[in-house]
Amino acid sequence: MSKFASFINADEKFSIKSDCLPALNVGEILVKNLCTSICRSDIHTYQGKRIEKSPTILGHEIVGIIEQLGPQSPSRDLRGNELKIGDKVTWAIYASAPDDILSKAAIPQKAKDLFKYGHEQITELNHFHGGLSEHTILRKNTPIIILKTDLPNEIATLINCSVATVAGAVRLAGAINNKSVAVYGAGMLGIIACTMLSKMGASQVIAIDENATRLKIAKGFGATKSYLHNEVLLEKVDIVLEFSGAISAMQNSINVLKIGGVVIWVGAVFPQSAVQINAEYIIRNLLTIKGLHNYNNDDFINAVNFMELNHMNFDFESLIKKGFVLDEVEAAFEYAVSNNPFRVSIDLT
């Protein structure tokens, strides 16, 4: 038996249940979850701002230990290391067909047979696929990486969503060294972006947000300058990473670019009005706009490498509210809604 938090909708919320773990299918791996963090998308679902097929098990920022290897399960992780029972692992938020044309084009997060952890419906044949559970069954073709054991569980949960997404945004932005970069949105993704950009040699890392407290925090995570969202930037930049999803921020992100600049839009993953764009301005200034949703396998590897190298260089744990367990999942979400911390984690050990 394994315990999990079943979520219905914003009105009915969570109920704690237990079910028998099914036999593993071909290519599957059973993981004992150690910790899950509550992502902003989980909060939006909890509040009814986005709708998931239900009942479901929310949570995709997960870390765990391999408990059982199913028949014909992968023998090695993405970095080529042998997978064994007892390994501490993280995994991508997706599984998809590796032979699909999109997978071959390094866009596996949009390929056929897509399965997304923390976003699937509980059915008789499809269970234990979210982080708010004692176990997760890793489906066939899920990218998996063994972690160093000294990486704290709470920090490790950030890798397969926030850190990997930032790694994808940085990849799309191109060369960072000696470039000036503006980061719109000083939430978890923005803070991680500041750390990554600073380590990659950006000449300036400018954090922009509506929250002065978060801007002050960003200075401790690699930001060299900060602006409130309604302040005018005094200089233009080579690159913009936009994580807030605010229409005004996306429109401004174009205007602050130097000639030939690049902006990566990441934050607008919820229904909203159209962004107003001046096409002539973009053309005459040779600007590039790129969108990113999730990340690919290389981004995932780079995210793990970055956190293993840098988790002691920045105080990531200070960004995470700890102290909740699975039976307190409702309280954890209410805390996240009321206090708006960078992350709330749920201990599953």
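Scroll up a little and you will see the structure.
Okay, so let's go over this structure. (Residues numbered from 1 in each chain as written. Predicted model: local features only at pLDDT ≥ 70, side-chain atom pairs only at ≥ 80, totals over all residues. Heavy atoms only, no water.)

Describing helix α10 (residues 329-339)
Consideration 1: Buried within α10 are the following residues: V329, A332, F333 and A336. Projected onto a plane normal to the axis of α10, the buried residues spread over an arc of 95 degrees and lie on a single side.
Consideration 2: Buried residues along α10 sit in contact with β1 (2-7), β2 (14-19), β3 (29-38), α1 (40-47), β16 (320-325) and β17 (343-347).
Consideration 3: Just downstream of α10, N340 is the residue with a positive phi angle, here 50 degrees. (Buried < 20%, exposed > 50% of the residue type's maximum accessible area, 1.4 Å probe, protein only. Helix = DSSP H or I, 4+ residues; strand = E, 2+ residues; numbered from the N terminus. Arc of directions from axis to C-beta. Contact = heavy atoms within 4.5 Å.)

Comments concerning helix α6 (residues 212-219)
Consideration 1: Within α6, burial applies to R214, L215 and A218. An end-on view of α6 places all buried positions within 105 degrees of arc, on one side of the element. Seen from the buried face of α6, the exposed residues on the opposite side, beyond 90 degrees, are A212, T213 and K216.
Consideration 2: Of the surrounding secondary structure, the elements contacted by the buried residues of α6 are α5 (188-199), β11 (204-209) and β12 (225-228).

Structural notes on the side chain of H129
Consideration 1: The topology assignment puts H129 in the loop between β7 (115-116) and β8 (135-138).
Consideration 2: Its relative accessible area of 0% is what places H129 among the buried residues.
Consideration 3: A polar contact of 3.1 Å, which involves the side chain of H129, links it to the backbone oxygen of Q121.
Consideration 4: Setting aside residues up to four positions removed in sequence, H129 forms contacts with I57, F115, Y117, G118, E120, Q121, I122, T136 and R139. (Polar contact = N/O pair within 3.5 Å; in protein donor to acceptor, adjacent residues only side chain to side chain.)

Observations regarding the pattern of salt bridges
Consideration 1: By the definition in use, this model includes 10 salt bridges.
Consideration 2: The salt bridge involving K84 is made with D87; its shortest N-O contact spans 3.5 Å.
Consideration 3: Among the residues examined, K84 registers a relative accessible area of 40% and is labelled partly exposed.
Consideration 4: You can call D87 buried: its relative accessible area is 10%.
Consideration 5: K225 is paired through a salt bridge with E235; the nearest N and O atoms lie 2.6 Å apart. Here the residue K225 occupies a position in strand β12, and E235 occupies one in the loop between β12 and β13 (237-242), the gap between them amounting to 10 residues.
Consideration 6: Given the relative accessible area of 33%, K225 is considered partly exposed.
Consideration 7: Under the relative-accessibility criterion, E235 is labelled buried at 18%. (Salt bridge = Lys/Arg side-chain N within 4 Å of Asp/Glu carboxyl O.)

Quick notes on the environment of A173
Consideration 1: Tracing the chain through its elements places A173 in helix α4 (residues 159-173).
Consideration 2: In sequence terms A173 and S18 are 155 residues apart; their C-alpha atoms lie 45 Å from each other.
Consideration 3: Not counting residues within four places of it along the chain, the set of residues in contact with A173 comprises I239, L241, V262 and I264.

Regarding a nonpolar patch on the surface
Consideration 1: A grouping of I101, L102 and I107 is seen on the molecular surface, where their side chains present a nonpolar patch of about 260 Å² in accessible area.
Consideration 2: Mapped onto the secondary structure, I107 falls in the loop between α2 (101-104) and β7.
Consideration 3: You can call I107 partly exposed: its relative accessible area is 33%. (Patch = residues over 30% accessible without salt bridge, like charges linked within 9 Å, V, L, I, M, F, W, Y side chains within 5 Å. Areas by Shrake-Rupley, 256 points an atom, 1.4 Å probe, with all protein chains shown as cover.)

Examining the sheet that holds strand β14 (residues 257-265)
Note on sheets: strands pair through backbone hydrogen bonds, and any given pair is parallel or antiparallel.
Consideration 1: Taken together, the 6 strands give an open sheet; going across it, the order is β12-β11-β10-β13-β14-β15, and neighbouring strands pair in parallel fashion. The open sheet has two free edges, formed respectively by β12 and β15 (288-291), since each of these has just one partner strand. Ignoring strand direction, the axes of neighbouring strands in this sheet form an average angle of 20 degrees.
Consideration 2: Taken together, the 5 bridges between β13 and β14 define a ladder with parallel strand orientation. Across the sheet, residue V240 finds its bridge partner in β14, namely V263.
Consideration 3: Running over the sheet, α5 touches β10 (180-184), β11 and β13 and is turned about 170 degrees from β10.
Consideration 4: Contacting β10, β13, β14 and β15, helix α7 (residues 247-255) runs over the sheet at an angle of about 150 degrees to β14. (Pairing = 2+ DSSP bridges. Axes fitted to C-alpha atoms, helices over the stretch in contact; angles between N-to-C directions.)

Details of unusual backbone geometry
Consideration 1: Of note, the bond from S54 into P55 is cis; its omega dihedral lies within 30 degrees of zero at 0 degrees.
Consideration 2: By secondary structure assignment, the location of P55 is in the loop between α1 and β4 (61-69).
Consideration 3: If you check the backbone angles, K13 has positive phi at about 60 degrees while not being a glycine.
Consideration 4: Looking at where K13 falls in the secondary structure, it is placed in the loop between β1 and β2.

Quick word on the state of the cysteines
Disulfides are covalent bonds that connect the sulfur atoms of two cysteines.
Consideration 1: Considering all chains together, one arrives at 0 disulfides under this definition.
Consideration 2: Looking at the unpaired C161, the closest cysteine sulfur is the one in C39, lying at 3.9 Å.
Consideration 3: By relative accessible area, C161 is classed as buried at 11%.
Consideration 4: Of the cysteine sulfurs around C194, a residue in no disulfide, the closest is that of C161, at 17 Å.
Consideration 5: Judged by relative accessible area, which is 1%, C194 ranks as buried. (Disulfide = S-S within 2.5 Å.)

Observations concerning the nonpolar core
The nonpolar side chains of a soluble globular protein tend to be buried, and buried together.
Consideration 1: Among the nonpolar cores identified, the biggest contains 58 residues, and L197, L241 and I264 are the most heavily contacted of them.
Consideration 2: If one sorts the elements of this core by residue count, α4 sits on top with 9 residues.
Consideration 3: Contact partners of L197, with chain neighbours within four places excluded, come to V170, I176, V181, V183, A202, V205 and L241.
Consideration 4: Ranked by size, the runner-up nonpolar core spans 24 residues in total, among them I43, L132, A336 and I346. (Core = buried A, V, L, I, M, F, W, Y, C linked by side-chain atoms within 4.5 Å.)

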